Protein chains: 2
Amino acid sequence: MIADSNLVTEALAGNRYALARLISLVEDDGTNARGALASLYPHTGQAHIVGVTGAPGTGKSTLVNQLARSLRDQGTTVGIVAVDPSSPFTGGALLGDRVRMRDLAGDEGVFIRSMASRGSLGGLARATGDVTKVLDAAGFDVVLVETVGAGQSEVEIARTAHTTIVIEAPGLGDEVQALKAGLMEIADVLVVNKADRPGAANTARALEMVIHRHHDRRGNGYDAWRPPILQTIALDGTGVPEVLDVVAQHREYLEKSGAWAERERERAETELLNVLQQELLNRVLARVGEEQGRTWVERIAAREVDVYTAVETILGRQ
Amino acid sequence: MIADSNLVTEALAGNRYALARLISLVEDDGTNARGALASLYPHTGQAHIVGVTGAPGTGKSTLVNQLARSLRDQGTTVGIVAVDPSSPFTGGALLGDRVRMRDLAGDEGVFIRSMASRGSLGGLARATGDVTKVLDAAGFDVVLVETVGAGQSEVEIARTAHTTIVIEAPGLGDEVQALKAGLMEIADVLVVNKADRPGAANTARALEMVIHRHHDRRGNGYDAWRPPILQTIALDGTGVPEVLDVVAQHREYLEKSGAWAERERERAETELLNVLQQELLNRVLARVGEEQGRTWVERIAAREVDVYTAVETILGRQ
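In this text the structure is predicted, and so the values were computed from the model without any measurement.

**Considering the overall build of chain A**
In terms of helices and strands, chain A carries 13 helices and seven strands. Taking all 318 residues of chain A together, 51% fall into the buried category. Contacts in chain A between residues at least 24 apart in sequence constitute 72% of all its contacts with a sequence separation of at least 6.

Encoded structure:
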């Protein structure tokens, strides 16, 4: 066993067992985790964080797998954080990402982590960000963060990436199309996967139109980058090197334009607000105490008081 | 124009224009909204809140539409809150739910609201809960809350419902199956829609197995209710009355077993925590000030300080 205090040193030195334990520690979000994160934080900021997101059925995991293999062929080390759409109750990952990623196993230049859902607002985003930081500090050149791409938590996670790849596939239904609308604005690179299926060209054309519309009104300071649209067949690797080329170009663009620094500031701001909020809540709950907290909940449930009046009373009017 | 102070009175008296304005006020989350919510809160608690959730492509909106029509045929009034998977940036709903719901338009016993995404952690869940409360207070017998059913925000929203209907459809891909796993545990009623498609019986059997597994380890106090599995063809209304029968049985079960009161307490607790957290953050940000806040963000982005040390310094060690 390695003592918690040595975990960071050992993990940063390349000890994979220490790395795995450090990630578990960080996921658990205790006091020790905070100490560990504080000491590894100066070592972060080197990795290229690449979000890979898309609606269900687009072949996202297969593409992540191929991207990782291609990066390894280039000699680039890769961390993978797979955010599972698992239960908020069991806290356990239900899908075997590690199974799907089997052909990467045994490679020292790859580290794969499946995230269990955290079961609370923002908890998953917090844990994913922290695990990404550990892999960054541990020296992985690229960290791929795979999310389902539906729902706000996923969008929040995608926003912490330097480069976000949004995956589409031909022939998905109308509701899937709807999901795209929300994803379109966070996309830096668009991939039409399953490009051998009928309708791939149509899907690409439809994306081109959406990009055209969004691009013209983006106003988020990254206007000079127009998201390219690529086609892949992840199953056999067709088009994967081209995606990596574009991802590398995007990194270069970010650095030269100052957008990399801007994204770092945005990420820092999001994290500061999230941690502040959680810490403030913890402190107030400790002060109010469990019994009084239960009484407030009962009174709200009984409609004796509304939640806003309750909060004003608990905190005092200011 | 109606003054804000009269909006609640007018809306509760059945003025639809006031109701629409009150909902917009509540969505905006200002000080006036809080006053309005406080004064309408004692009138809430009567409506049966029914969450309708499912993966993309299951025909969810069509089923919501049919459920609403069927409820109207029974003389039941219906509020519909459609939570759109729209952009976190534009803050606007991108899909025309109101268009899809056209055949309900003009009916005084129906009120439909499409939610725009709130663009911040928990914001959508907060707004959806508050809009649901307005419809509850305004006297709608049933409030249907339609969510995409992927991602944690949606799960959070579903948890505030009394009864959650999870919709499946035959022939969706593996990743869609994966989404189901997380939804299975919040399901009170399972519907296999598009039951005229090949594979519907298989889907129902697969659900039966998952339910069997989850049911045995649920341990959340509702073990006596075993989620029934129904089949529908939402397009022509087949099976819709049967779904409503089961929803009514679930309400009866909740009331008799004490689970209704338990869910009210859970909802109250979630809301109390969310509002506390938001209010605490607002107060600290006001105290810290914009300029100092920016300095902290810059220092974190530059790796001069980690976020946990920053928060401890801002709040003071306790």
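**Section: unusual backbone geometry**
Excluding glycine, most residues fall at negative phi; most peptide bonds, likewise, are trans. All names here are of chain A. At Lys194, a position not held by glycine, the phi torsion is positive, near 55°. Its place among the elements puts Lys194 in the loop between strand 6 (189–192) and helix 9 (200–216). We classify Lys194 as buried; it has 25 C-beta atoms within 10 Å.

**Overview of the pairing of strand 2 (residues 78–83) of chain B**
Residues and elements named next belong to chain B. Counting buried positions over the six residues of strand 2 gives six, a clear majority of the element. Across six bridges, strand 2 lies against strand 3 (residues 110–115) in parallel orientation. Within strand 3, the position partnered with Val78 by the bridge is Val110. By the bridge criterion, five bridges tie strand 2 to strand 4 (residues 142–147) in an arrangement that is parallel. Bridge assignment links Gly79 to a residue of strand 4, and that residue is Val143.

**Focus: the sheet that holds strand 2 of chain B**
Residue and element names in this part refer to chain B. Across the sheet, which stays open at both edges, the seven strands sit in the order 3-2-4-1-5-6-7 with parallel pairing between neighbours. On the outer flanks of this sheet lie strand 3 and strand 7 (229–231), each paired with one strand and no other. Each strand of the sheet is rotated relative to its neighbour by a mean of 20°, with strand direction disregarded. Two strands pair when backbone bridges link them, and strand 1 (residues 48–54) and strand 5 (residues 163–168) are joined in this way by five bridges, in the parallel orientation. Within strand 5, the residue paired with Val52 across the bridge is Ile165. Across the sheet, helix 10 (residues 240–257) lies against strand 1, strand 5, strand 6 (189–192) and strand 7, angled at about 170° from strand 6, the strand it touches most.

**A look at the packing of helix 12 (residues 290–301) of chain A against helix 11 (residues 259–288) of chain B**
Helix 11 of chain B packs onto helix 12 of chain A with a crossing angle of 115° between their chain directions and a minimal axis gap of 8 Å. On the basis of their axis angle, the class for helix 12 of chain A and helix 11 of chain B is roughly perpendicular. Note on packing geometry: the crossing formed by helix 12 of chain A with helix 11 of chain B is right-handed. Across from Trp296, Val297, Glu298, Ile300 and Ala301 of chain A in helix 12 of chain A, the residues of helix 11 of chain B making contact are Glu264, Arg265, Ala268, Glu269 and Leu272 of chain B. Across the contact of helix 12 of chain A with helix 11 of chain B, the residue classes tally to six nonpolar, no polar and four charged.

**Section: the domain arrangement of chain A**
Split into domains, chain A comes out as domain 1 (1–43), domain 2 (44–257) and domain 3 (271–316). The centre of domain 1 of chain A, based on its C-alpha atoms, is set 32 Å off from the matching centre of domain 3 of chain A.

**Let's talk about the confidence of the model for chain A**
All names here are of chain A. Model confidence for chain A is summarised by a mean pLDDT of 82, while 78% of its residues fall at 70 or above. Taken element by element, chain A is modelled with least confidence in helix 5 (residues 97–100), mean pLDDT 44, and with most confidence in helix 10 (residues 240–257), mean pLDDT 96. Low pLDDT, under 50, characterises residues 86–100; the stretch is placed with 41 contacts to residues that sit more than four places away or in other chains. Taken together, the stretch residues 217–222 has pLDDT below 50 and engages in four contacts with residues farther than four places along the chain or on a different chain. Note on the complex model: pTM 0.74, ipTM 0.81.

**Section: the packing of helix 4 (residues 60–73) of chain B against helix 10 of chain B**
Residues and elements named next belong to chain B. It is at 9 Å that the axes of helix 4 and helix 10 come closest, and there the two elements cross at 75°. The pairing of helix 4 with helix 10 is recorded here as roughly perpendicular in orientation. Packed against helix 4, whose contacting residues are Gln66, Leu67, Ser70 and Leu71, the element helix 10 presents Val240, Pro241, Val243 and Leu244 at the interface. The residue inventory of the contact of helix 4 with helix 10, partitioned by class, reads six nonpolar, two polar and no charged.

**What to know about the sheet that holds strand 2 (residues 78–83) of chain A**
Residue and element names in this part refer to chain A. Read from one edge to the other, the open sheet built from seven strands follows the order 3-2-4-1-5-6-7, with strand pairing classed as parallel. Each edge of the sheet is formed by a strand with only one pairing partner; in this case those strands are strand 3 (110–115) and strand 7 (229–231). Each strand axis lies, on average, 20° off the axis of its neighbour in the sheet, ignoring direction. Pairing geometry for strand 6 and strand 7, over three bridges, is parallel. Bridging from a neighbouring strand, Val191 pairs with Leu230 of strand 7. The strands touched by helix 10 are strand 1 (48–54), strand 5 (163–168), strand 6 and strand 7; relative to strand 6, the strand with the most contacts, the crossing angle is about 170°.

**Considerations on the nonpolar core**
Membership of the largest hydrophobic core comes to 157 residues, with the highest contact counts inside it found for Leu144 of chain A together with Leu144 of chain B. Not counting residues within four places of it along the chain, the set of residues in contact with Leu144 of chain A comprises Val50, Val52, Val64, Leu67, Ala68, Val78 and Ile80 of chain A.

**Considering the pairing of strand 1 of chain A**
All names here are of chain A. The element strand 1 is extensively covered by neighbouring structure, given that seven of its seven residues are classed as buried. Side-chain alternation along strand 1 places His48, Val50, Val52 and Gly54 on one buried face and Ile49, Gly51 and Thr53 on a second face that is also buried. The pairing of strand 1 with strand 4 (residues 142–147) spans six bridges and is classified as parallel. Along strand 4, the bridge assignment pairs His48 with Val142.

**A look at helix 2 (residues 16–28) of chain A**
Taking 1.5 Å per residue, 13 residues should reach 18 Å; helix 2 of chain A reaches 19 Å between its end C-alpha atoms and fits that length. Three or more residues of helix 2 of chain A are buried, namely Leu19, Leu22, Ile23, Leu25, Val26 and Glu27 of chain A.

**Some remarks on helix 12 of chain A**
Residues and elements named next belong to chain A. Between its first and last C-alpha, helix 12 extends 16 Å over twelve residues, near the 16 Å set by a 1.5 Å rise per residue. Along helix 12, the residues that are buried comprise Trp296, Val297, Ile300 and Ala301. Projected down its long axis, helix 12 shows its buried positions confined to an angular sector of 135°, all on one face. Structural note: helix 12 exposes Glu291, Gln292 and Thr295 on the side pointing more than 90 degrees away from its buried face. Looking one or two residues past helix 12, Arg303 carries a phi angle of roughly 65°, positive in sign.

Cut-offs used in this document
Counting of residues starts from 1 at the beginning of each chain's written sequence and follows it residue by residue. Written order decides the labels, with chains lettered from A and ligands numbered from 1. Local features in this predicted model are restricted to residues whose pLDDT is 70 or higher, and side-chain atom pairs enter the listing and the counts only when it is 80 or higher, whereas totals over whole chains, interfaces and linings include all residues. Think of it this way: any DSSP run of H or I at least four residues long counts as a helix, any run of E at least two long counts as a strand, and we number them from the N terminus. Three exposure classes are used, all based on how many other C-beta atoms lie within 10 Å of a residue's own C-beta (placed from the backbone): buried at 20 or more, exposed at 12 or fewer, and partly exposed between those limits. What counts as a contact is two residues whose backbone-derived C-beta atoms lie within 7 Å of each other. In short, DSSP must find at least two bridges between two strands for them to pair. Axes, fitted as lines to C-alpha atoms, cover a helix only where it is in contact. Angles between the N-to-C directions of the axes lie from 0 to 180 degrees. For classification, angles of less than 35 degrees are called roughly parallel, those exceeding 145 degrees roughly antiparallel, those between 65 and 115 degrees roughly perpendicular, and all remaining angles oblique. Should the near helix be turned anticlockwise from the far one by less than a right angle, the crossing is left-handed, and should it be turned clockwise, the crossing is right-handed. Gly counts as polar in this scheme, as do all residues outside two lists: the nonpolar Ala, Val, Leu, Ile, Met, Phe, Trp, Tyr, Cys and Pro, and the charged Asp, Glu, Lys and Arg. All the domain ranges listed were derived from an automatic or database domain assignment. The quantity known as pLDDT measures the predictor's confidence residue by residue, on a range of 0 to 100. By our criterion, buried Ala, Val, Leu, Ile, Met, Phe, Trp, Tyr and Cys residues that link up through C-beta atoms within 7 Å make up a nonpolar core. Expected span, for any helix, means 1.5 Å times one less than how many residues it has. Starting at the helix axis, one direction is taken to each C-beta atom, and the arc is that of these directions.

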